[in-house]
Amino acid sequence: MSNLQEIKKRRTFAIISHPDAGKTTLTEKLLLFGGAIQTAGAVKSNKIKKTATSDFMEIEKQRGISVATSVMTFEYKDLLINILDTPGHKDFAEDTYRTLTAVDSVILVVDCVKGVEEQTERLMEVCRMRNTPVIVFINKLDREGQNPFELLDELESKLNIRVRPLTWPINIGANFKGVYSLYEQMLYFFKINKTKIEADVAKVNLEDEKLEELLGERDANQLTEDVELVEGVYDAFSEEAYQKGQLAPVFFGSAINNFGIKELLDTFCEISPIPQPRPTDVREVEPTEPKFTGFVFKIHANLDPRHRDRIAFLRICSGKFERGKFYKHVRLGKDVRFSSPFTFMASDKSVMDEGFPGDVVGLYDTGNFKIGDTLTEGEALQFSGIPSFSPEIFKELINMDPMKSKQLEKGIQQLTDEGVAQLFTLDLGNRKIVGTVGELQFDVIQYRLEHEYGAKCRWVPMNISRACWLTADDKPAMDQFVRLKGNQIAYDKDRNPVFLAESEWMIRMNRENNPAIHFHFTSEFKTEMAL
Ligand code: G4P
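Model, not experiment: these values are computed from the prediction. (Residues numbered from 1 in each chain as written. Predicted model: local features only at pLDDT ≥ 70, side-chain atom pairs only at ≥ 80, totals over all residues. Heavy atoms only, no water.)

(A) Local environment of the overall build of the protein. When helices and strands are tallied, the protein shows 14 helices and 31 strands. The buried share among the 531 residues of the protein stands at 55%. Only carbon and sulfur atoms are counted for the fraction: they give 49% of the accessible area of the protein, which is about 22,700 Å². (Helix = DSSP H or I, 4+ residues; strand = E, 2+ residues; numbered from the N terminus. Buried < 20%, exposed > 50% of the residue type's maximum accessible area, 1.4 Å probe, protein only. Areas by Shrake-Rupley, 256 points an atom, 1.4 Å probe, with all protein chains shown as cover.)

(B) Focus on the site of the ligand. By nearness alone, 17 residues border the ligand, and Asp20, Lys23, Thr24, Thr25 and Ser254 come closest of all. Lys23 places a main-chain nitrogen or oxygen 2.8 Å from an oxygen atom of the ligand. If the ligand stood free it would expose 710 Å²; the protein chains cover 67% of that surface. (Near = heavy atom within 4 Å. Polar contact = N/O pair within 3.5 Å; in protein donor to acceptor, adjacent residues only side chain to side chain.)

(C) Seen up close, a negative patch on the surface. Taken together, the side chains of Glu209, Glu212, Glu213 and Glu217 present a region of like negative charge at the surface. Within the element layout of this structure, Glu213 appears in helix H7 (residues 210-215). Note on Glu213: relative accessible area 67%, which makes it exposed. (Patch = residues over 30% accessible without salt bridge, like charges linked within 9 Å, V, L, I, M, F, W, Y side chains within 5 Å. Salt bridge = Lys/Arg side-chain N within 4 Å of Asp/Glu carboxyl O. Lys, Arg positive; Asp, Glu negative; His and termini not counted. Charge placed at Lys NZ, Arg CZ, Asp CG, Glu CD.)

(D) Here's a closer look at the pairing of strand E25 (residues 422-426). By the criterion of burial, E25 is predominantly enclosed, with 5 of the 5 residues buried. Burial along E25 is two-sided: the residues Gln422, Phe424 and Leu426 and Leu423 and Thr425 are all buried. Note: E25 against strand E26 (residues 431-436), 5 bridges, orientation antiparallel. Paired with Phe424 across the strands is Ile433, a residue of E26. Linking two consecutive strands that pair antiparallel, namely E25 and E26, is a turn of 4 residues; a positive phi of about 75 degrees is found at Gly429 within it. (Pairing = 2+ DSSP bridges.)

(E) Quick peek at the packing of aromatic side chains. Under the defined criterion, the tally for this structure stands at 21 aromatic pairs. Aromatic side chains Phe481 and Phe519 sit 6.0 Å apart centroid to centroid with 85 degrees between the ring planes, which places their arrangement in the edge-to-face category. Taken together, the residues span a long stretch of sequence, with Phe481 in helix H13 (residues 475-485) and Phe519 in strand E31 (residues 517-520) at a distance of 38 residues. Like Phe481, the residue Phe519 is buried in the burial classification. Site record: aromatic cluster; members linked through ring pairs are Phe149, Trp168 and Phe252. Here Lys298 stacks its cationic end above the ring of Phe313, 5.7 Å away from the centre of that ring. Taking the ring centre of Phe442 as reference, the NZ or CZ of Lys395 above it sits at 4.6 Å. (Phe/Tyr/Trp six-rings, centres within 6.5 Å; stacked < 30°, edge-to-face > 60°. Lys NZ or Arg CZ within 6 Å of the ring centre and 35° of its normal.)

(F) Spotlight on the pairing of strand E15 (residues 310-318). The element E15 is extensively covered by neighbouring structure, given that 9 of its 9 residues are classed as buried. When E15 meets strand E22 (residues 360-365), the two strands line up antiparallel, connected through 6 bridges. By the bridge assignment for E22, Phe313 is matched with Gly362.

Just distances and angles here, no functional claims.
Structural data, given as structure tokens:
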């Protein structure tokens, strides 16, 4: 098969949702439909159980499970589908953001009872930054949820994207009868059904007399009215607008009952984008280019102290990846090769001899990689679009054992390379400030520093709520600002200056008073902070 055929065969996407909306259930059902697993329950949830929040080792153990489900590959209708898993837990949101840089599209799961929740909004913000195409699956229609029109309005207003329903529900909750496919003109009947895969269907259009027979007069009339309204209110579905990330098709269903999944998967296969070009610091890389390139978007530590290796997940962006071949590690400027790269087929880990754009390769790593690292066949380019976002909680790292400061230094460098947290350094006194999105990471870091590096630390909370990256065209203005702000300026791992602010008000005030300085929301400086 040619490289182009291999590329056209691949679809790489992530399922995202607020915790509990049904991401794990939907993932499992897609694998069932794809024949990758035979029974429900085969996919271990990587969901971090609520009871475990104080026991982070338990959480890490559960996170360990997620290595096995980090990438799930299956074949369906001659396509090779890669689902990239994302942790649901809020404290690991950064992991999810980074995984979103490695996909070509996403399926967003929304709970029809809860509507758009906080985590959904944040994840969608990240998708919108990159114009990632989104399909929405409104789940749990067997529950007494909100009115579908209201749900769609909420999606549009809170997620800042146009939507277009492709199926329409007939009632909701206890009276839920199924969905009408607007493009197939087909009724899919709902039954509580946790095991069987296919729903009962009837091919009827809205003028068909059988509609009333099948649904009863009231529901048939309601459906006809609703569909008229949908067709009147929403523009026709445009595949092009979807692929540009401007329009999200919407499906309704019930993942636990295997309902609405097949339509979702079939449509996904038809419309979802093939592996896309990716930006680098020098040019855009096309998947069809003959030479191999790829970048690391996730690093997972092995917590077993006897095997200190880590697994780096690399997304292939162009060319062909081959086992045992030397590639250039651009940041380190050295050649590296991998004797046992692996992939995940039907949820088994197996050695990957060759891989193509869209594929994700697992690479054993002994500390050579950090997030965003690029491998090429020699060209000096660095993939971009893998920004850091501002952490929310900041604490100073205090060394508790002066004899072990080297170990502490190395440990915190490596852990932050993995993306566990972000490290900021104050020039004065070389003080180290660690920023995270959740309290959990502080426990994890403290534990790992002690057990993996033999270094003891404690944390001092800091009155900081936001970090923003600074740039200025006017260097003297920047130097002056940095001098004036003293301990409010720290440096990230790449020595970029960062303003550590107590509040958004503080950022606003500083921005007003210092028009020559630009305050950025992410480390890639594309998005100026909107406050
Ligand atoms: P997540 O990965 O997004 O966090 O969600 P997950 O799939 O784990 O689903 C969260 C809960 O919602 C689970 O129940 C799951 O069974 C339930 N669920 C998923 N889809 C549907 C649906 O279509 N209808 C209804 N009524 N429930 C659904 P749980 O009680 O938290 O877990 P479990 O004991 O059932 O596994």
